[in-house]
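Coordinate inspection notes
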Amino acid sequence: MRRQTKGLHALYAKDPVDADRKLWGREVDPVSRRGFLTGSSLLAMSAVLGASIPFARFMPGGLIPAALAQSEEAFEIEGKEGLRVLNDRPINAETPAHLLDDDITPARYMFVRNNGLPPERAEIDPATWTLEITGESCQTPTTFTIAELKERFSEHTYQLQVECGGNGRSEYVPAASGNQWTTGAVACPTFTGVRLRDVLEACGIADDAVYIGYYGADRHASGAADKEAISRGVPMEKALEDESLIAWAMNGEDIPYQNGYPLRLVCGGWPGSVSGKWLKQIVVRNQKHDGAKMAPPSYSVPANPVAPGTEVAKEDFVTIQSMPVKSLITYPRSGIEHAQGQPMEVRGHAWAGDLSVSEVHTSIDFGATWQKASLNEAPNRLAWQRFTTQVEFPEAGYYEVWARAVDENGQSQPMVVPGWNPKGYLNNACHRIAVQVG
């Protein structure tokens, strides 16, 4: 018989506790979730990592060391740099964490999340592009050109955080279907446009309006003309916020083609799927919008916790709204070497959906102890916040730097992957990077 082999990620995806046992001889405590390494198993892991592990006694079980979880596989898209491809039809690509270090995400580092196929680039003409406002709860249906939007309504610019609802999906066990995002399906550029509220009010909002939905020019991935790629929306309360925009510019320039050129909706703090791209129509609804990807399990999670692998009835799902508190270490890059005895700067961003972040903490001992980082105020509501700190390592060896954010309501990121859900949404576990100190 031919011997069968499996990769590291495949072993951990199938059964992380069993993978720990097979690879390192590590046993996981079912209560604390710490992974206990014997002398020989500690030597085995240290040999693979190339250094001793000073805080190995605190390392959670069932977790691939961050140094081994890295990938250098790159993908190039027009106008983008360094993105990693997850799918090519439709195109989906994420940004490595270290490329997200700018306060304002450059267009070239904005992740790409497509549910369908973009309209042909040669067929897009901003001069003739139109947006229709209609729906059963729209009193005066109207169609605008982009030029008319610019002429009739006040222009606004906000820095807005956009994150895919499935960001972090790759860590769920058992694996959830969909693009296996790690940490890079998030960005926070500036968007310029007009307030969605101003446009809707100009067209008349009926008293029974409860939701808006959007339709874009993108096509279903199958190419079928009778199928929608995606058509989602938000409740009126979210639609009428100051920061909800109909945008034509990102970072002061045209929105990149793969990110919705020439016109898109932006509702920061909620799953990126509510921010429709290649925007052609907005409908004002007297019921919850029922477009493509609005029905469970799409962009929905169980109303109550379920055991991993559970089949959940559609009536037991709730639609995702505000995203959970989260943080990302953007400097240094995971896997670096650092001189012992020298403090190391750590920085990154934190965000919390509709809320602000109140604190960020970092740890070098797998969460046994934490130190508070310096945290900047957001430039405006729904933008991420910069955190910075310095850490010092007591001896040479392999370390992981972890980051944990806390929102204004006191909700903290979990140290490990949160409650499983069938589609792998809302993973806000602590981000971690690997550092070799010597």
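Everything quoted here is computed from the prediction, not taken from an experiment. (Residues numbered from 1 in each chain as written. Predicted model: local features only at pLDDT ≥ 70, side-chain atom pairs only at ≥ 80, totals over all residues. Heavy atoms only, no water.)

**Considering the confidence of the model for the protein**
Note: predicted coordinates in regions of low pLDDT should not be interpreted at a detailed level. How we decide: Scored from 0 to 100, pLDDT reflects the predictor's confidence in each residue. Whether two residues are in contact is decided by their heavy atoms: any pair within 4.5 Å suffices.
In this model, the protein carries an average pLDDT of 92, and 96% of its residues clear a pLDDT of 70 or more. pLDDT under 50 marks residues 1-6. Its contacts with residues more than four places away, or in other chains, come to 2 contacts.

**Concerning unusual backbone geometry**
Selection rule: Here a helix means four or more residues in a row that DSSP labels H or I, a strand means two or more in a row labelled E, and each is numbered from the N terminus. Per-residue accessibility, obtained with a 1.4 Å probe over protein chains only, is compared with the maximum for each type, and a residue is labelled buried under 20%, exposed over 50%, and partly exposed between these values.
Residue Val173 is joined to Pro174 through a cis peptide bond whose omega torsion reads 0°. Mapped onto the fold, Pro174 is located in the loop between strand S9 (162-163) and strand S10 (186-187). In this chain, Pro296 is followed by Pro297 through a cis amide linkage whose omega measures 5°. By secondary structure assignment, the location of Pro297 is in the loop between strand S17 (279-285) and strand S18 (300-302). A positive phi angle, near 60°, is found at Phe366, a position not held by glycine. Among the residues examined, Phe366 registers a relative accessible area of 1% and is labelled buried.

**Describing empty space enclosed by the protein**
We apply this condition: We place a 1 Å grid over just the protein atoms. Points where a 1.4 Å probe fits but has no way out form a cavity, open points with protein on both sides within 12 Å along at least 5 of 7 lines form a pocket, and any residue with an atom within 4 Å of a point lines it. Grid points are joined across faces, edges and corners, and a volume is the space filled by probe spheres set on the points. Throughout, the ten residues Ala, Val, Leu, Ile, Met, Phe, Trp, Tyr, Cys and Pro are labelled nonpolar, Asp, Glu, Lys and Arg are labelled charged, and all others, Gly among them, are labelled polar.
Inspection of the entire model under this criterion finds 2 cavities of 30 Å³ or more. Around the largest cavity sit 20 residues that line it, and Arg113, Gly272, Ser273, Ser275 and Lys277 are the ones nearest its centre. A class-by-class count of the residues in the lining of the largest cavity yields 9 nonpolar, 7 polar and 4 charged. Taken as a whole, the second largest cavity encloses approximately 30 Å³ of empty space. If you go around the second largest cavity, the residues you meet are Gln161, Ala350, Trp351, Ala352, Gly353, Leu355, Val357, Leu382, Ala383 and Gln385. Taken together, the residues of the lining of the second largest cavity sort by class into 7 nonpolar, 3 polar and no charged.

**A few points about the layout of surface pockets**
Reported here for the second largest pocket is a volume of approximately 310 Å³. Lining the second largest pocket are 18 residues; nearest its centre among them are Arg113, Asn115, Lys293, Tyr299 and Lys423. Split by residue class, the lining of the second largest pocket holds 4 nonpolar, 9 polar and 5 charged.

**A word on the sheet that holds strand S3 (residues 84-88)**
Across a sheet, paired strands are connected by hydrogen bonds in the backbone, their directions being either parallel or antiparallel. Cut-off, in case you're wondering: Should DSSP find at least two bridges between two strands, the strands are taken to pair.
Strand order in the open sheet formed by 3 strands is S3-S4-S5, and the pairing between neighbours is antiparallel. On the outer flanks of this sheet lie S3 and strand S5 (112-113), each paired with one strand and no other. Pairing of strand S4 (residues 91-94) with S5, which is carried by 2 bridges, proceeds in the antiparallel orientation. Among the inter-strand pairings, Asn92 is bridged to a residue of S5, identified as Arg113.

**Digging into the pattern of salt bridges**
Spelled out, the test is: Here, a salt bridge means any side-chain nitrogen of Lys or Arg that lies within 4 Å of a carboxyl oxygen of Asp or Glu.
Per the counting criterion, the structure on display carries 19 salt bridges. Across the salt bridge formed by Asp103 and Arg386, the nearest N and O atoms sit 3.0 Å from each other. Of the two residues, Asp103 is situated in the loop between S4 and S5 and Arg386 in strand S26 (residues 385-391); the sequence distance between them amounts to 283 residues. The class of Arg386 is buried, set by a relative accessible area of 12%. Because the salt bridges share partners, they merge into one network encompassing Asp101, Asp103, Glu345, Arg347 and Arg386.

**What to know about the sheet that holds strand S7 (residues 142-145)**
Our working definition: As a rule, the C-alpha atoms of each element are fitted with a line to give its axis, helices using only the stretch in contact, and angles between N-to-C directions run from 0 to 180 degrees.
Spatially, the 5 strands line up as an open sheet ordered S7-S6-S17-S12-S13, and their pairing is mixed. With partners counted over all chains shown, the strands left at the sheet margins are S7 and strand S13 (233-235), one partner each. The mean inter-strand angle of the sheet, taken between neighbouring strand axes irrespective of direction, is 15°. For strand S12 (residues 211-216) and S17, the ladder comprises 6 bridges, and the chain directions are antiparallel. Note on S17: the bridge partner recorded for Gly216 is Leu279.

**Some thoughts on helix H3 (residues 39-49)**
This is how it is decided: Regarding the arc, it is the one traced by the directions from the helix axis to the C-beta atoms.
Here H3 has its buried residues at Ser41, Met45, Ser46 and Leu49. The buried residues of H3 occupy one face: seen down the axis, they fall within an arc of 135°. Exposed residues lying more than 90 degrees from the buried face of H3 are Gly39, Ser40, Leu43 and Ala47. Where H3 is buried, its residues touch helix H2 (16-24), strand S27 (397-407) and strand S28 (431-437). Gly50 sits one or two residues past H3 and shows a positive phi near 85°.

**A look at the packing of aromatic side chains**
Definition in use: Centres within 6.5 Å make a pair out of two Phe, Tyr or Trp rings, where for Trp the six-membered ring is used; the pair is then stacked when the planes are under 30 degrees apart, edge-to-face when over 60, and tilted otherwise. A ring is considered to have a charge above it if a Lys NZ or an Arg CZ atom is located within 6 Å of its centre and within 35 degrees of its normal.
What the rule picks out here adds up to 8 aromatic pairs. An aromatic cluster is present here, built from Phe55, Phe58, Phe393 and Tyr399 joined pairwise through their rings. Its end group placed over the ring of Trp370, Arg404 keeps NZ or CZ at 4.2 Å from the ring centre.

**Topic: the side chain of Arg197**
The topology assignment puts Arg197 in helix H5 (residues 196-203). Setting aside residues up to four positions removed in sequence, Arg197 forms contacts with Ala239, Leu240, Glu241 and Asp242.

**Describing the pairing of strand S6 (residues 130-134)**
For S6 and S7, the ladder comprises 4 bridges, and the chain directions are antiparallel. Note that in S7 the partner of Ile133 across the bridge is Thr142. Here S6 runs beside S17; their pairing, made up of 3 bridges, is parallel. In the strand pairing of S17, Glu132 is matched with Gln281.

**So, H5**
Along H5, the positions that sit buried rather than exposed are Leu196, Arg197, Val199, Leu200 and Cys203. The buried residues of H5 all sit within an arc of 165° when viewed along its axis, so they share a single face. Looking one or two residues beyond H5, the residue adopting positive phi is Gly204, at roughly 85°.

**Thoughts on the pairing of strand S14 (residues 245-250)**
Counting buried residues in S14 gives 6 out of 6 residues, a clear majority hidden from the surface. Sheet topology note: the strand S11 (residues 190-195)/S14 ladder contains 5 bridges and is antiparallel. Paired with Val194 across the two strands is Ile246, which belongs to S14. Where S14 meets strand S16 (residues 264-266), 3 bridges bridge the pair, whose relative direction is antiparallel. Paired with Ile246 across the two strands is Leu265, which belongs to S16. Relative to strand S15 (residues 253-254), S14 runs antiparallel, the two sharing 2 bridges. Paired with Met250 across the bridge in S15 is Glu253. The hairpin formed by S14 and S15 contains 2 residues between the paired strands, and Asn251 there has a positive phi angle of roughly 55°.

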